[in-house]
Amino acid sequence: MKILVTGGLGFIGSHTVVELQNEGYQVVIIDNCSNASEDVLDGITKITGKQPDFEKLDLRNKVDVLDFFSRHKNIDGVIHFAASKAVGESVEKPLLYYENNLSTLVYLLQQLSAKNKAHFIFSSSCTVYGQADEMPITENAPVKPAESPYGNTKQIGEEIIRDSCEVFSNLQAISLRYFNPMGAHPSAEIGELPLGIPQNLVPFITQTGIGMREQLSVFGDDYPTKDGTCIRDYIHVVDLAKAHVVALKRLLEGKNEKNYEVFNVGTGTGSSVLEVIKSFERVSGEELNYKIVGRRPGDVVSAYADTSRANRVLGWKAESTLDDAMRSAWLWEKKIRA
Ligand code: WQD
């Protein structure tokens, strides 16, 4: 079985390629290397002993997408990660996000809908829920008006897939709504490589721990939570990667009950910012230099998953703890800064 992984050199994409290869799938990666380096291929190969096929290609070029599918007739499934994902940047450059995240999705689906059978896994996000009314968040929670163009592209992307699956019975798709991915492969051969100043909490913590950053700013401790800081569901990226393989298998084996399904992918446990900091201090044995500052606009107070549907229907459950994930993130940070 040959699987196309778009954005396969990226953080979650590369970890998913490893798990696909571990399960015996042949993988071809498309990536435009705008936010990832080709060196990631070496890391994947070191882990699995198999170098995935790779084509540097920008999915915004429709002609290149058509050419790719004319040369790769035997693609059995597609896992689509390629997208811009910085919430703050999306507010400043909305059209870049709508073009990059949506036109590429349309071009892919146009090719897949022309095949007699197509299996498609979409990288979505818990961002679609905004500030959900109830915790933990189930897949039936209402999708709320997006807080950013990035979040809107995930909402619109899901609607494009849903509408396509309505029309094309040959198209079978699953959207995976991620919570907060973190960590790195235990081999420390691949991991998160944020460009510039990290927007996300965990890479900022490990970069502060290694001395690259002076101090972590904690964005607010006056929220209505156990310790005043925001709650999130931090999931080990390897657990998240495995969820993609399980979801793909569900489609390839025709076990999906509808031709479009949605699953939350998290641990089911909420952790506050201060609890994440304490996790770092436990696994590193180091005290983290941080200070409390004002709230960050757009942050939701709390978001953690009800994972019962993924557990029951997908037969998948996150196995790693917060400390396991933080340990892998710290090992990775020390490895790349050595
Ligand atoms: C987590 C918590 C911050 C940095 C985003 C996207 C989401 C997904 C994951 C792509 C919040 C606090 C953070 C810092 C802090 N990305 N924080 N100091 O915002 O939950 O989710 O990344 O799919 O779509 O929205 O993750 O890591 O940015 O923030 O205090 O320097 O850490 O306020 O409470 P977020 P995050």
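Structure first, text after, so check above.
Parameters and conventions
Residues numbered from 1 in each chain as written. Predicted model: local features only at pLDDT ≥ 70, side-chain atom pairs only at ≥ 80, totals over all residues. Heavy atoms only, no water. Helix = DSSP H or I, 4+ residues; strand = E, 2+ residues; numbered from the N terminus. Rg over C-alpha atoms; globule rule 2.2 N^0.38 Å. Buried < 20%, exposed > 50% of the residue type's maximum accessible area, 1.4 Å probe, protein only. Contact = heavy atoms within 4.5 Å. Areas by Shrake-Rupley, 256 points an atom, 1.4 Å probe, with all protein chains shown as cover. Axes fitted to C-alpha atoms, helices over the stretch in contact; angles between N-to-C directions. Left-handed = near helix turned anticlockwise from the far one by under 90°. Nonpolar A, V, L, I, M, F, W, Y, C, P; charged D, E, K, R; others polar. Salt bridge = Lys/Arg side-chain N within 4 Å of Asp/Glu carboxyl O. Pairing = 2+ DSSP bridges. Phe/Tyr/Trp six-rings, centres within 6.5 Å; stacked < 30°, edge-to-face > 60°. Lys NZ or Arg CZ within 6 Å of the ring centre and 35° of its normal. Core = buried A, V, L, I, M, F, W, Y, C linked by side-chain atoms within 4.5 Å. Near = heavy atom within 4 Å. Polar contact = N/O pair within 3.5 Å; in protein donor to acceptor, adjacent residues only side chain to side chain. Right-handed = clockwise from strand over helix to strand, strands pointing away.

Asker: Teacher, can you tell me more about the overall build of the protein here?
Answerer: Regarding its fold elements, the protein presents 11 helices and 14 strands. Its C-alpha atoms give the protein a radius of gyration of 19 Å, near enough to 20 Å, the size a compact globule of 338 residues would have. Counting only C-alpha atoms, the protein reaches 55 × 45 × 40 Å along its principal axes. Within the protein, the proportion of its 338 residues that are buried is 57%. A separation of at least 24 residues holds for 80% of the contacts in the protein among residues at least 6 apart in sequence. As displayed, the protein has an accessible area near 14,400 Å², and 49% of this comes from carbon and sulfur atoms.

Asker: Quick question: what am I supposed to make of the packing of helix 9 (residues 273-284) against helix 11 (residues 322-337) here?
Answerer: The geometry of a pair of packed helices is captured by two quantities: the angle between their axes and the separation between those axes. Where helix 9 contacts helix 11, the axes come no closer than 9 Å and their chain directions differ by 65°. Where helix 9 crosses over helix 11, the handedness of that crossing is right-handed. On the side of helix 9, the interface is formed by Glu275, Val276, Ser279, Phe280, Arg282, Val283 and Ser284, while helix 11 contributes Leu322, Asp323, Met326, Arg327 and Trp330. Of the residues in the contact of helix 9 with helix 11, the class split is 6 nonpolar, 2 polar and 4 charged.

Asker: Looking at this model, I keep getting lost on the pattern of salt bridges. Mind explaining?
Answerer: Pairing between side chains of opposite charge can happen when their charged atoms approach one another. One pass over the structure, following the stated rule, counts 21 salt bridges. A salt bridge links Arg162 to Asp163, with the shortest nitrogen-to-oxygen separation between them at 3.1 Å. On the basis of relative accessible area, Arg162 is assigned to the partly exposed category, the value being 39%. Its salt-bridge partner being Lys255, residue Glu253 comes within 2.9 Å of it at the nearest N-O pair. By relative accessible area, which is 48% here, Glu253 ends up partly exposed.

Asker: So what exactly am I meant to see when it comes to the pairing of strand 8 (residues 216-219) here?
Answerer: In summary, the side chains of a regular strand alternate between the two faces of the sheet. Alternating positions in strand 8 separate cleanly, Leu216 and Val218 being buried on one face and Ser217 and Phe219 remaining unburied on the opposite face. Where strand 8 and strand 13 (residues 290-293) come together, 4 bridges link them in parallel fashion. Note that in strand 13 the partner of Phe219 across the bridge is Val293.

Asker: Would you mind going over the packing of aromatic side chains with me for this structure?
Answerer: Where two aromatic rings form a pair, the distance of their centres and the angle of their planes describe that pair. If you walk through the whole model with that rule in mind, you get 2 aromatic pairs. A centroid spacing of 5.4 Å and a plane angle of 80° characterise the contact between Phe68 and Phe69, whose relative ring orientation is edge-to-face. Residue Phe68 shares its accessibility class with Phe69, and that shared class is buried. Between the aromatic rings of Phe280 and Trp330, the centroid separation amounts to 5.0 Å while the plane-to-plane angle is 85°, which identifies the pairing as edge-to-face. Here the residue Phe280 occupies a position in helix 9, and Trp330 occupies one in helix 11, the gap between them amounting to 50 residues. Each member of the pair, Phe280 as well as Trp330, is classed as buried. Lying across the ring of Tyr223, Arg295 places its NZ or CZ 4.0 Å from the centre.

Asker: Explain the nonpolar core here, please?
Answerer: Soluble globular proteins: nonpolar side chains tend toward being buried together. With 41 residues, the main nonpolar core has Ile3, Leu9, Leu20, Ile29, Ile121, Leu176 and Trp316 as its most contacted residues. At the level of elements, strand 1 (2-6), helix 1 (11-22), strand 2 (26-31), helix 2 (40-48), strand 6 (171-178), helix 8 (237-252), strand 11 (260-265) and helix 10 (308-314) are the ones that each hand at least two residues to this core. Ranked by residues supplied to this core, first place goes to helix 8 with 9 residues. Non-local contacts of Ile29, meaning those with residues more than four positions away in its chain, are made with Val5, Gly8, Leu9, Val17, Leu41, Ile44, Pro52, Asp53, Phe54 and Glu55. Leu59, Leu109, Leu112 and Ala173 belong to the second largest nonpolar core, which has 24 residues in total.

Asker: Even after reading the chapter, I still don't get the environment of Phe168, so can you show me in this structure?
Answerer: Inspection of the secondary structure puts Phe168 in the loop between helix 6 (149-167) and strand 6. Look at Phe168 and you get partly exposed, because its relative accessible area is 33%. Along the primary structure Phe168 and Ile79 are separated by 89 residues, whereas in three dimensions their C-alpha atoms are 18 Å apart.

Asker: Explain the sheet that holds strand 9 (residues 231-232) to me, please; I cannot follow it from the model alone.
Answerer: Strand pairing in a sheet relies on backbone hydrogen bonds. The paired strands run either parallel or antiparallel. Judged by pairing direction, the sheet is mixed, and its 3 strands sit side by side in the order 12-9-14 without closing on themselves. A strand with exactly one partner marks an edge of an open sheet, and here the two such strands are strand 12 (271-272) and strand 14 (302-303). By the bridge criterion, 2 bridges tie strand 9 to strand 14 in an arrangement that is parallel. Considered in strand 14, the bridge of Ile231 is made with Ser302.

Asker: Just checking my understanding: could you explain the site of the ligand for this structure?
Answerer: Neighbouring residues of the ligand: 18 residues in total, closest Thr127, Tyr150, Leu201, Arg232 and Asp299. Within the backbone of Ser217, a nitrogen or oxygen atom sits 2.8 Å from a nitrogen atom of the ligand. The contact in question runs from an oxygen atom of the ligand to an N or O atom on the backbone of Phe219, over 2.9 Å. For the ligand, whose accessible area on its own is 680 Å², the fraction buried by protein is 90%. A total of 4 residues in the shell around the ligand trace back to one element, the largest contributor, which is strand 8.

Asker: Would you mind going over the pairing of strand 3 (residues 53-56) with me for this structure?
Answerer: Taken together, the 4 bridges between strand 2 and strand 3 define a ladder with parallel strand orientation. Following the sheet pairing, Asp31 is matched in strand 3 by Lys56. With respect to chirality, the unit in which strand 2 leads through helix 2 into the neighbouring parallel strand 3 is right-handed.

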